[in-house]
Amino acid sequence: MKTGIVRFPGSCDDIDALAAAARVGEPVLLWHADTDLQGVDAVIVPGGFSYGDYLRAGAIARFAPVMTEVEEFARGGGLVLGICNGFQVLCEANLLPGALLPNTSLKFIFRQVELEVVRGDGPFTGACASGERLSIPVKHTTGRYYAPSEELDRLEAAGQVLLRYAPGHNPNGSLRDIAGVCNERGNVFGLMPHPEHAVDPLGGSTDGMRIFESMRAHVEQHVLA
Amino acid sequence: MSSSTSSLEERHRQLGLTDGEYARILERLGRAPGDVELAMLSLMWSEHCGYKHSRRLLRRLPKEGAHVLMGPGENAGAVDVGGGLAVAFKVESHNHPSAVEPFQGAATGVGGILRDVFAVGARPIAVLDSLRFGEPSASERSRYLLERAVAGIGHYGNSIGVPTVGGEIYFEGSYEQNCLVNAMCVGLAPHDRLIRSAAAGPGNVVILLGALTGRDGIGGASVLASAELGEGDEAKRPSVQIGDPFTEKKLLECCLELLDCELLVSLQDLGAAGLTSAASEMASKGGVGLTVDLCQISLREPGMEPFEIMVSESQERMLCVATPERVGEVLGVCERWEVPATTIGCVTEGDSFQVLHRGVVVADLPVSVLVDDCPLYDLEPSPPSDGLYEAPARVLDGSESPAETLLALLRSANIASRRPVFEQYDPIVQSRTVRRPDEADAAVLVLPDGSAIAVAIDGNGRRVACDPRRGAAEAVYECAANLACVGAEPLGLTNCLNFGNPEKPHVAWQLVEAVEGLSQACEALGVPVVGGNVSLYNEAPSGPIFPTPVVGIVGKLPDAGRAGRLGFAREGDAIGLLGPFEPSLVGSELSKLRGHAPVGELPVADAARIRILHQGIRARVRSGSFRSAHDIAEGGVATALAECCIAGDIGATARLPRGLDPFGEAPGRGFIVSGPAEALAGFVMIGSVGGDRLVIDGLLDLAVSDLHDARESGLSEWV
Amino acid sequence: MRARVLVRPKAGILDPQGQAVERALPALGFEGVRNVHVGRLIELDVDDPDRLPEMCERLLTNPLIEDYEIER
């Protein structure tokens with residue numbers, strides 16, 4: 001699997017995403033000003049502080065030249081994973097429903113949290129079992145997931161909520177404990193926790209690998225077949 | 001500061017120069033300095049830039065070591081860590097700005113030390129912070145400073161993608177009027193990317209890159225850092241620098257790319273005294289002169305005067321020198337990273353620092369006068385006749401049971417869990433962190449070849465107040481002990497000396513004694529000082545702060561997978577108490593809670609035995625014989641046992657050697673370790689791991705959950 | 001011409017910043033303060049003020065979570 005990781009001015013966890021992607025295939029860097037996706041099978045929009053989080057987190061990055069290509073790639077069914085700031089960018093770009101608001105505590109929070117897998121199928125959680133718990137760190141100031149309640153009802157009914165914070169583990173006040181959602185088609189997924197920081201046994205939990213392994217399995221079955 | 005006010009003689013005093021210093025300037029120049037020249041000299045000759053009261057004393061510190069690649073004098077020190085890699089590191093203070101505006105003061109403190117590290121070509125890979133405030137329970141101002149400083153550190157470090165992996169915070173009445181914010185940065189570089197700041201090559205081009213130049217911090221260096229804070233410091237607020245981590249992130253990537261492409265002759269960051277200091281230092285180190293044209297500098301504010309441009313402390317700027325053939329490429333790289341850059345001058349033969357503005361020479365000073373001719377003052381030390389420091393409020397009266405005492409210590413602000421603080425920091429970005437805060441006594445970061453570096457920062461002002469020589473030595477022993485607990489061998493040390501007014505004999509005495517103590521401990525452990533910082537005049541009308549030397553050590557261990565942890569790990573493991581551990585209550589946390597002022601003689605330290613002790617612990621952590629290792633610090637052995645239980649979420653049963661004070665302290669030379677009984681044979685075994693209670697025979701019996709709750713509650717209401 | 005865009009959090013969305021300010025004021029002795037919300041001000045010189053609403057919809061605000069008001 002060839003994975004493109006987007007780098008905006010201010011991206012921080014792009015190198016961590018590159019390292020995680022290297023464990024499941026070939027990672028390449030996609031510079032924000034370039035429009036060549038280099039034939040990748042999947043795109044990761046990584047964590048960090050693109051454009052200093054100016055105006056709103058992700059608000060400026062969504063207009064970067066590379067994002068036009070990412071949007072088209074997504075329309076064509078390509079896999080797009082947005083992590084933390086990446087999730088914010090995808091929501092601002094309307095590739096995912098909802099928005100991320102400041103944490104209820106109004107502070108940056110770093111914490112290893114437990115997530116519950118809501119759906120153990122699809123390109124991003126196919127390698128997980130429904131109901132399984134994953135231990136993955138969060139680190140953000142603006143991670144409170146919001147959508148109007150009719151929208152939330154619709155997302156839940158349509159199975160677009162893939163990950164929730166386990167009871168007692170919601171660090172930011174996200175509505176309905178939502179940690180990650182996908183689009184209607186299921187090929188674009190955004191989450192606030194950082195799976196790329198849970199891949200190395202030296203660092204503790206390796207539960208984040210499930211998400212990258214799910215993506216690889218999906219690409220191998222559907223794209224390379 | 002316009003020339004229309006008063007006469008020339010008084011102006012120099014307004015800028016912080018003494019009459020004697022002004023006379024020296026006249027003598028050195030052979031004429032009176034112009035406005036711009038006077039502004040430049042007042043900053044370069046300030047305590048903050050000139051180190052007038054400390055430079056002679058700092059020569060005492062030992063600087064030689066087999067692994068040293070860059071010693072004191074450069075933007076950061078550097079040591080060889082093997083595999084062709086170097087680790088650069090330094091600690092610096094930002095005390096006075098933080099007292100005025102704690103968020104920005106702390107943020108720009110982090111920004112400044114980051115720049116010092118990438119100025120030598122190293123990618124910043126970790127930040128640590130050493131903070132001091134007044135008592136949070138007694139002072140709303142101290143709670144405010146704590147909360148804002150922590151927010152500022154988090155804001156800057158998190159945004160720029162450098163993990164904050166460790167630190168320390170102490171609360172003492174002594175710091176009420178003078179908080180301390182010391183920021184340490186560690187960076188990584190291949191040997192051949194390390195660069196020095198000496199400007200070279202007459203004819204080469206000087207380029208200023210980074211943020212636009214505005215009126216930030218005008219006069220900051222001399223106005224804030226060379227004088228004690230008095231009434232009316234609100235008026236100094238306009239002088240505070242505002243930091244922008246996003247700009248610095250781009251600047252950092254840009255500079256590292258310029259170095260990877262070998263496009264630069266030298267690199268220097270702009271810190272205190274801005275362009276004046278950066279350019280003078282570059283020229284001085286290279287033995288060359290510089291000409292700078294202020295009209296080439298991109299300004300943020302219209303109509304800035306020449307002196308303002310020269311002393312502006314606008315953040316996120318660097319100065320570099322490149323050969324004329326490569327200037328185009330340099331500017332190209334800057335443009336790609338969206339970093340404003342302009343050529344502002346050139347390197348010249350000779351000793352002259354010339355500044356032009358609209359075609360007119362507004363300053364022409366010999367570099368040596370700016371950098372080397374600043375007067376150096378001898379300290380006139382004399383021990384204080386009386387106790388300098390007030391006794392703290394009494395919290396315990398001595399009638400408490402050992403169990404109540406332990407819970408009170410765990411709850412106390414200096415010992416309680418720092419989780420409310422470190423949860424505001426990202427400790428894992430860049431994916432190198434192998435030991436996070438609370439997992440071990442030092443942070444551990446993995447290197448590409450699977451080995452790792454460890455880093456810790458330490459300093460106990462209360463103990464140094466009791467006995468500056470022994471207290472300062474203890475800071476070194478404790479920091480080295482923290483490294484031993486993860487299995488790391490110390491390679492180099494950086495220090496920040498935070499003291500009161502050195503012109504007062506008792507403060508001078510504290511400074512001289514502390515430097516002697518630091519030096520002796522470094523020599524005994526074989527750890528060279530590779531750089532550091534001095535912050536003086538931390539004094540209020542009520543008196544000086546506790547003398548607070550802060551020490552940061554970087555070490556190395558061969559296998560990241562074998563890095564030590566502090567928590568008890570396994571039911572049935574034996575617990576060992578390693579020493580020679582001869583604690584006393586003098587200067588201890590318990591003596592503070594009992595309302596005793598910091599006076600008394602600290603226990604003697606046998607440096608040679610400490611060195612052997614650390615080696616032994618290091619070896620057994622590396623081999624896996626010890627499953628946990630934790631040094632005994634504040635609160636003594638009872639507190640250390642509690643901390644090991646809490647971290648491991650498991651109980652222990654222990655019996656202390658007869659006569660050992662459960663709360664006495666002797667930093668750096670007492671350890672609680674655990675492991676299989678066979679591995680601890682030959683050591684003093686005091687108990688075993690297991691259950692869900694901490695039972696110390698004849699002393700106390702407490703549920704680990706109660707210990708945990710007491711420790712967690714300490715700081716949570718303040719931050 | 002000089003325009004100002006006032007951006008506010010949409011009614012009904014939890015505004016912890018507003019709540020924090022509302023809690024802090026009485027602690028300083030200011031009573032009788034209710035319903036505090038914290039937003040953002042964007043000021044700009046603009047040649048064609050008729051395009052301001054579009055600027056707001058596309059970049060300056062996130063219409064899902066923010067309301068705006070243009071002042072000229």
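Just so it is clear, the model here is predicted, and its values are computed rather than measured.

**What to know about the overall build of chain B**
Looking only at helices and strands, chain B has 23 helices and 28 strands in total. In terms of C-alpha radius of gyration, chain B reaches 26 Å, essentially the compact-globule figure of 27 Å for 719 residues. Expressed as lengths along the three principal axes of its C-alpha atoms, the size of chain B is roughly 85 × 55 × 40 Å. Looking at chain B as a whole, 62% of its 719 residues are labelled buried.

**A closer look at the overall build of chain A**
Along chain A, the regular secondary structure elements total six helices and eleven strands. Against the 2.2 N^0.38 benchmark of 17 Å for 225 residues, chain A shows a C-alpha radius of gyration of 16 Å, consistent with a compact globule. Projecting the C-alpha coordinates of chain A onto the three principal axes gives extents of approximately 40 × 40 × 40 Å. When each of the 225 residues of chain A is scored for burial, the buried share is 61%.

**Looking at the arrangement of the chains**
Between chains A and B lies the most contact-rich interface of the two pairs of chains that touch. Separated in space, chain B and chain C share no contact, their closest pair of C-alpha atoms being 12 Å apart.

**Regarding the pairing of strand β10 (residues 317–322) of chain B**
All names here are of chain B. In terms of residue burial, β10 counts as a mostly covered element, since six of its six residues are buried. Where burial is concerned, the two faces of β10 agree: the one with R317, L319 and V321 and the one with M318, C320 and A322 are both buried. Here six bridges tie strand β7 (residues 205–210) to β10, and the two strands are oriented antiparallel to one another. Note that in β10 the partner of V206 across the bridge is V321. Sheet topology note: the strand β8 (residues 266–269)/β10 ladder contains four bridges and is antiparallel. Paired with L267 across the strands is C320, a residue of β10.

**Some details on the environment of B:G531**
Looking at the secondary structure, you find B:G531 in strand β18 (residues 529–535). It is 6.9 Å that separates the C-alpha atoms of B:G531 and B:N495, two residues lying 36 residues apart in sequence.

**Looking at the pairing of strand β23 (residues 628–631) of chain B**
Residues and elements named next belong to chain B. Of the two faces of β23, the one holding S628 and H630 and the one holding A629 and D631 are both buried throughout. Taken together, the four bridges between β23 and strand β25 (residues 671–675) define a ladder with antiparallel strand orientation. Across the sheet, the residue bridging to A629 is V673, located in β25.

**A word on the interface of chain A and chain B**
Contacts between chain A and chain B engage 22 residues on the former and 22 residues on the latter. Elements supplying a minimum of two residues to the side of chain A that touches chain B: α1 (14–22), β6 (109–117) and β7 (133–140) of chain A. When grouped by side-chain class, the residues that make up the side of chain A that touches chain B number eleven nonpolar, five polar and six charged.

**As for the sheet that holds strand β9 (residues 289–293) of chain B**
Residue and element names in this part refer to chain B. As summarised here, the arrangement of the seven strands in space is β8-β10-β7-β11-β9-β12-β13, forming an open sheet in which the pairing is mixed. Unpaired on one side and paired on the other, β8 and β13 (360–366) mark the two borders of the sheet. Along the sheet, successive strands turn relative to each other by an average axial angle of 20 degrees, direction set aside. Judged from the six bridges that link them, strand β12 (residues 352–357) and β13 form a sheet pairing that is antiparallel. Paired with H357 across the strands is V360, a residue of β13. The sheet contacts of helix α3 (residues 35–44) involve β12 and β13, and relative to β13 the element is tilted by about 40 degrees. Each of β7, β8 and β10 touches helix α10 (residues 245–260); the most contacted strand, β7, lies at about 140 degrees to it.

**Here's the deal with the environment of B:G134**
Positionally, B:G134 belongs in the loop between β4 (123–133) and α8 (140–160). Sequence separation between B:G134 and B:G572 is 438 residues; the distance between their C-alpha atoms is 42 Å.

**Examining the confidence of the model for chain B**
As a general rule, the predicted coordinates of low-pLDDT regions are not to be interpreted in detail. Residues and elements named next belong to chain B. Summarising the model, chain B shows a mean pLDDT of 94, and 96% of its residues fall at 70 or more. Across residues 220–227 the pLDDT falls below 50, and counting only partners more than four positions away or on other chains, this stretch makes 31 contacts in the model. Here residues 233–238 is modelled with pLDDT under 50, and outside its nearest four sequence neighbours on either side it reaches six contacts, counting other chains as well. In the model output, the complex is listed with pTM 0.95 alongside ipTM 0.97.

**Considerations on the sheet that holds strand β10 (residues 178–182) of chain A**
All names here are of chain A. Strands sit in the order β2-β1-β3-β4-β11-β10-β9-β6-β7 across an open sheet of nine strands; the sheet is mixed. Here the strands that pair on one side only, and so sit at the sheet edges, are β2 (26–31) and β7. Adjacent strand axes in the sheet meet at a mean angle of 25 degrees, parallel and antiparallel pairs treated alike. Two strands pair when backbone bridges link them, and strand β9 (residues 161–165) and β10 are joined in this way by three bridges, in the antiparallel orientation. Following the sheet pairing, L163 is matched in β10 by G180. Helix α6 (residues 209–222) contacts β3 (42–45), β4 (79–83) and β7 of the sheet and is inclined by roughly 170 degrees relative to β4.

**Some thoughts on the interface of chain C and chain A**
Taken together, the nine residues of chain C in the interface contact ten residues of chain A. Tallying contributions element by element places helix α1 (residues 16–27) of chain C first for the side of chain C that touches chain A, with three residues. Broken down by class, the residue content of the side of chain C that touches chain A amounts to seven nonpolar, two polar and no charged.

**Some points on the environment of B:L258**
All names here are of chain B. Tracing the chain through its elements places L258 in helix α10. Among the residues examined, L258 registers 27 C-beta atoms within 10 Å and is labelled buried. Spatially, the C-alpha atoms of L258 and L590 are 53 Å apart, while their sequence positions differ by 332 residues. Setting aside anything within four residues of it in sequence, one finds L258 in contact with L263, L264, V330 and V333.

**Structural notes on the nonpolar core**
Membership of the largest hydrophobic core comes to 238 residues, with the highest contact counts inside it found for B:V476 and B:L641. In contact with B:V476, other than residues within four places in its own chain, are B:L493, B:L518, B:A521, B:C522, B:L525 and B:V551. By size, the runner-up hydrophobic cluster in this structure holds 79 residues, among which are A:I5, A:C91, A:C128 and A:V219.

**Observations concerning helix α3 (residues 85–92) of chain A**
Three or four residues apart is the spacing at which side chains of an α-helix point the same way, because the helix has 3.6 residues per turn. Residues and elements named next belong to chain A. Where burial is concerned, most of α3 is hidden: eight out of the eight residues are buried. Every buried residue of α3 is listed here: N85, G86, F87, Q88, V89, L90, C91 and E92. For α3, the secondary structure elements touched by its buried residues are β3, β4, β5 (99–101) and β11 (188–191).

**Quick word on unusual backbone geometry**
Backbone geometry places A:D53, a non-glycine residue, at a positive phi of 60 degrees. Its location among the elements puts A:D53 in the loop between β3 and α2 (65–75). You can call A:D53 buried: it has 21 C-beta atoms within 10 Å. With phi around 85 degrees, B:Q430 is a residue other than glycine that occupies positive phi space.

Basis of the calculations
Residues numbered from 1 in each chain as written. Chains lettered and ligands numbered in written order. Predicted model: local features only at pLDDT ≥ 70, side-chain atom pairs only at ≥ 80, totals over all residues. Helix = DSSP H or I, 4+ residues; strand = E, 2+ residues; numbered from the N terminus. Rg over C-alpha atoms; globule rule 2.2 N^0.38 Å. Buried ≥ 20, exposed ≤ 12 C-beta atoms within 10 Å, placed from the backbone. Contact = placed C-beta atoms within 7 Å. Pairing = 2+ DSSP bridges. Nonpolar A, V, L, I, M, F, W, Y, C, P; charged D, E, K, R; others polar. Axes fitted to C-alpha atoms, helices over the stretch in contact; angles between N-to-C directions. pLDDT = per-residue confidence, 0-100. Core = buried A, V, L, I, M, F, W, Y, C linked by C-beta atoms within 7 Å.

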